[in-house]
Amino acid sequence: MPKKPITIVATFLSPGVAKGGSGFAIVGGKIVKIPPRGPAFMKLTEAVGEIAAAKRASTK
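Residues numbered from 1 in each chain as written. Predicted model: local features only at pLDDT ≥ 70, side-chain atom pairs only at ≥ 80, totals over all residues. Heavy atoms only, no water.

Asker: Can you lay out the sheet that holds strand β2 (residues 23-27) for me, pointing to particular residues and giving the numbers?
Answerer: If you trace the three strands from one edge of the open sheet to the other, you get β1-β2-β3, paired in antiparallel fashion. On the outer flanks of this sheet lie β1 (12-13) and β3 (30-34), each paired with one strand and no other. (Pairing = 2+ DSSP bridges. Helix = DSSP H or I, 4+ residues; strand = E, 2+ residues; numbered from the N terminus.)

Asker: Now, about the side chain of S14: what can you tell me, with residues and values included?
Answerer: Within the fold, S14 resides in the loop between β1 and α1 (15-18). Beyond its immediate chain neighbours, meaning those up to four positions away, S14 contacts S22, G23 and F24. (Contact = heavy atoms within 4.5 Å.)

Asker: Could you give an account of the environment of A18, with specific residues and numbers?
Answerer: With respect to the secondary-structure elements, A18 resides in helix α1. You can call A18 exposed: its relative accessible area is 58%. Each C-alpha atom of the pair A18 and L44 lies 9.5 Å from the other, and the pair is 26 residues apart in sequence. (Buried < 20%, exposed > 50% of the residue type's maximum accessible area, 1.4 Å probe, protein only.)

Asker: Kindly report on the packing of aromatic side chains, identifying the contributing residues and their values.
Answerer: Evaluated as defined, the whole model comprises one aromatic pair. Consider the rings of F12 and F24, whose centres lie 5.7 Å apart with planes at 35 degrees: the pair is tilted. On the criterion of sequence distance, the pair formed by F12 in strand β1 and F24 in strand β2 is long-range, its members being twelve residues apart. For F24, a relative accessible area of 31% gives the class partly exposed. (Phe/Tyr/Trp six-rings, centres within 6.5 Å; stacked < 30°, edge-to-face > 60°.)

Asker: Tell me about the environment of I26, and name the residues and values.
Answerer: One can find I26 in strand β2. In this structure, the C-alpha to C-alpha distance between I26 and V9, residues 17 residues apart in sequence, is 8.7 Å. Contact partners of I26, with chain neighbours within four places excluded, come to V9, A10, T11, F12 and I31.

As far as function goes, none of this settles anything; it's purely spatial.
Okay, structure coming up:
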């Protein structure tokens, strides 16, 4: 089965964002402010989950 290409969405998440609070992420070399548990947080959480799942699948 061919591997799907992975796009990195955020290169860094501040600790507050990782725990569901406000903070910032670095996306494409630019700082993006993230409100607490807003729509952007949910999208980043989903993207990080997909990236982690793809990495786990590729190491099997």
